[in-house]
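# Structural description and commentary
For reference, the chains in residue letters:
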Amino acid sequence: MRVWGHWEGAGRPARFVRSARGLVGRAEELGALRRMLAQGRLVTVVGGAGIGKSLLAEHAATAVGSSMPDGVVRVRWWDGAPTRRRSVAQTVADALDGETEPAEAGGAAGEAAETGGTERAGVGAAGRPAAPLGVAALVARLRSRRMLVVLDDFDPVRGECVRLVRALLDEAPDVRVLSAGRHPLGLGEEAVLRLGPLGGAASDGGSDAATGVDAPPGAGPAAGPAATLFLERVRAARRGVGHDGPSHGRPGPTPGDRVDELRLADDICRRLEGMPLAIELAAAQAAQYSLPQLARMLEPAQGWLGVADAPLRRHRSLRAAVGAGYALCGAAERTVWARLSVFAGSFDEDAAAYVCSGGGVDAQDVPASLARLVLASVLEPVRDPGGVLAPRYRMPAAVRGFGAERLQSAGETAAAVSRHLYWYGHVASTAHHLWSTGLHERAASLVRDEEPDLRAALTRVPSGADPASATLAVVVDLWFWWAVCGHAEEGRALLSRLLPLARTDTRVCGQALWLAGWLAACADSPEAAELLGQAWRVALLAGDDATVGRVSHVLGALALRDGRTERAIAHLRAAADTIPVHADHGPPAAVSWALLAVAQARVRPADAWRSVRRASAGPQPRHDLWARSMTQYAQAFVDHLRGRRSRAWRRAHKALAGALGVAGAATASEPPVSGDAVAGAVASMTGPPGAALIHQLIADIESGPPPV
């Protein structure tokens, strides 16, 4: 098989010699690429920076080239440096003219090419200056040949490549083209293989995810493709400095050590999102740092990863690899790229348009910039842009880090962060209103979809008291996410960090203090009483009746839990009378009436029945599943104590169904949970003191009438 090559950045044509690097975790993609080359004449491998496009194309060309009588010619234009002004057709011709003899892998000619050779770009095989060659002349030269033309890293000269490839497809019927770049060529006959990251999760025994070979029994978990690549490069880096394997009488690693190493490798690869270049650059650091140190160093940023001796200039650092693509973007795309770096997860067009608009970028132009960034493999589509649902996009971590650096250098970080916070404040407010109107599943689903960016907005350090208050308002809007959906510890941590920074004379501060006190009470924390006292004082000064009433509700629940029934009745009566019917940002008044009925049931049964009727008469139980479930629990509890066993049993099961519905809405995307976990979710649904212990109530009902 004859193989020619030309590296525009290297300054000379040279025969293409197969890389010594192995292809890890790409067997499926390589097979798909070979099938595409067998079925079509134009195939493009597309992907972001450092994803492994060139290496995959190289291996595919090696595999397919043996079936090409006239061999393979590979041309690479770009190595992160400005390309010389030579036409694409002339560059391909120079690669062909660089042949001095058939280039067999491992032959002397291949060795000469690998060490630099003697021929230079623009000089023919006979030493004569090569005349400029146009597309027509190159096509005429290749018309009768059966060969594979590999156009690698064509992005800087994409327009010229499109013209050349179109001419080859029209007039050279036996020439096939394999191209690799960040952007498809856009020709009608083009088959596109979009290359994604390597998988990183380890499997529990079975076959190795990277090689497909069955692991021996007792071998422990098998490494995934990303972890396999990482560990191979780590061992190579350590061998290079003599740090690999046992030495000086020290024993080798135990099976437990290997499991820990695999776990750390998986963690590092997840941080690097499976990008092969980033994985290899990180593995190179293992000669200086331990894997736990490396994992910690990758937490804040990844752009620092680099090596001095990479074969390609743009692969010497992750920042250079990403920056090479940034250099090819237009001014609008660069600005949008930088501003999108404030997003931590996936986002839609509306969010991007709001955050990125201004400062020379119109909101209506942002969707077009998003589309161009997707084509350039800067953004990854999370949903099909042509599908029924609105498209969503995400930015890989390395790309996001580079954009954040550009945003900082432009002095726009504060403005972008502020717009991001405002937008996700709107998202939190929407989720709150969905929950308040009984659409619990939709509210929890919205928060789940936007959770990475909500968390990013809430964990950034506010620049002053007013931004801290705005962030605190987002936390308060998400009260149900913390109190009902199982994220109480995260909510408490956010509140404890933000409350000292925010203004203390606002309604939001009182609501936040109440929420912090409620979450602390749910966790049996001793600071609950102090937080509730502060909340009561701030809410009273702000004229916030709802928060004053909810403080009384939590105090009543605590008193009921501690067996102080009369105090509980007093607090819960005050809460039920104080909380307005349509109050938001917390449990509705119906919940206080229902819990009051539970407190009164044993000592004032007539009052308990009246409280139950007040709870069910309000508007909340009609549309709020949580309030309805709590009211049905109270009805069942009162009926049970009155000896109405059949009615109590039916109402308890209705309450249980509602409680499970709320818990299911809160964990709709979570894996199935055990019965104990469901019971725990039900118990935590209504907060202290555990009036939602419906399973226990059902058991009591089924065991017979209560003691007199």
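Structural data are supplied above this passage.
Here is what the cut-offs are and how they apply
In this convention, every chain numbers its residues from 1, walking through the sequence in written order. Since the coordinates come from a predicted model, pLDDT governs what is reported: local features require at least 70, and pairs of side-chain atoms require 80 or more to be given and counted, while whole-chain, interface and lining totals use all residues. Computation of side-chain values covers all heavy atoms of the structure but excludes hydrogens and water. Only runs of H or I of at least four residues qualify as helices and only runs of E of at least two qualify as strands under DSSP, and these elements are numbered from the N terminus. Exposure is judged per residue with a 1.4 Å probe applied to protein chains only, and the accessible area is read against the type maximum: over 50% gives exposed, under 20% gives buried, and values in between give partly exposed. Two residues form a contact once any of their heavy atoms are found within 4.5 Å. Per-residue accessibility takes into account occlusion by the displayed protein chains alone, with areas from the Shrake-Rupley method and a 1.4 Å probe. Axes, fitted as lines to C-alpha atoms, cover a helix only where it is in contact. Angles between the N-to-C directions of the axes lie from 0 to 180 degrees. Each angle is binned into one of four classes, with values under 35 degrees roughly parallel, values over 145 roughly antiparallel, values of 65 to 115 roughly perpendicular, and all other values oblique. Ten residue types, Ala, Val, Leu, Ile, Met, Phe, Trp, Tyr, Cys and Pro, are classed as nonpolar, four, Asp, Glu, Lys and Arg, as charged, and the remainder, Gly among them, as polar. Only residues whose relative accessible area exceeds 30% and that form no salt bridge enter a patch; like-charged residues are grouped when within 9 Å of one another, and nonpolar side chains (Val, Leu, Ile, Met, Phe, Trp, Tyr) when within 5 Å. By definition, a salt bridge exists where a carboxyl oxygen of Asp or Glu is found within 4 Å of a side-chain nitrogen of Lys or Arg. Counting rule for charge: Lys and Arg are taken as positive, Asp and Glu as negative, and neither His nor the chain ends is counted. To locate a charge, the coordinates of NZ of Lys, CZ of Arg, CG of Asp or CD of Glu are taken. In this description, strands pair whenever DSSP reports at least two bridges between them.

Now for the overall build of the chain. A count of helices and strands for the chain gives 32 helices and 10 strands. The buried share among the 708 residues of the chain stands at 51%. Taking as baseline every contact in the chain between residues at least 6 positions apart, the subset at least 24 positions apart corresponds to 72%. Accessible area of the chain: about 31,100 Å², with a carbon and sulfur share of 53%.

Turning next to the packing of helix α17 (residues 440–449) against helix α18 (residues 451–459). Axis separation between α17 and α18 bottoms out at 4 Å; the angle between their running directions is 70°. Between α17 and α18, the angle falls in the class roughly perpendicular. In contact with V447, R448 and D449 of α17, α18 contributes E451, P452 and L454. In terms of residue class, the contact of α17 with α18 is made up of 3 nonpolar, no polar and 3 charged.

So, about a positive patch on the surface. Where like charges cluster on the molecular surface, the positive patch consists of R642, R644, R647, R650 and K654. When you line up the elements, K654 lands in helix α30 (residues 645–666). For K654, a relative accessible area of 53% puts it in the exposed group.

Once that is clear, we can look at the pairing of strand β3 (residues 42–46). Burial of β3 is extensive: 5 of the 5 residues sit out of reach of the surface. The side-chain alternation of β3 yields two buried faces, one formed by L42, T44 and V46 and the other by V43 and V45. Pairing analysis gives 5 bridges linking β3 to strand β6 (residues 175–181), with the strands arranged parallel. The residue of β6 that forms the bridge with V43 is L178. Strand direction decides the pairing type here: β3 and strand β7 (residues 191–194), joined by 4 bridges, are parallel. Residue V46 lies in a different strand from β7, and its bridge partner there is R194.

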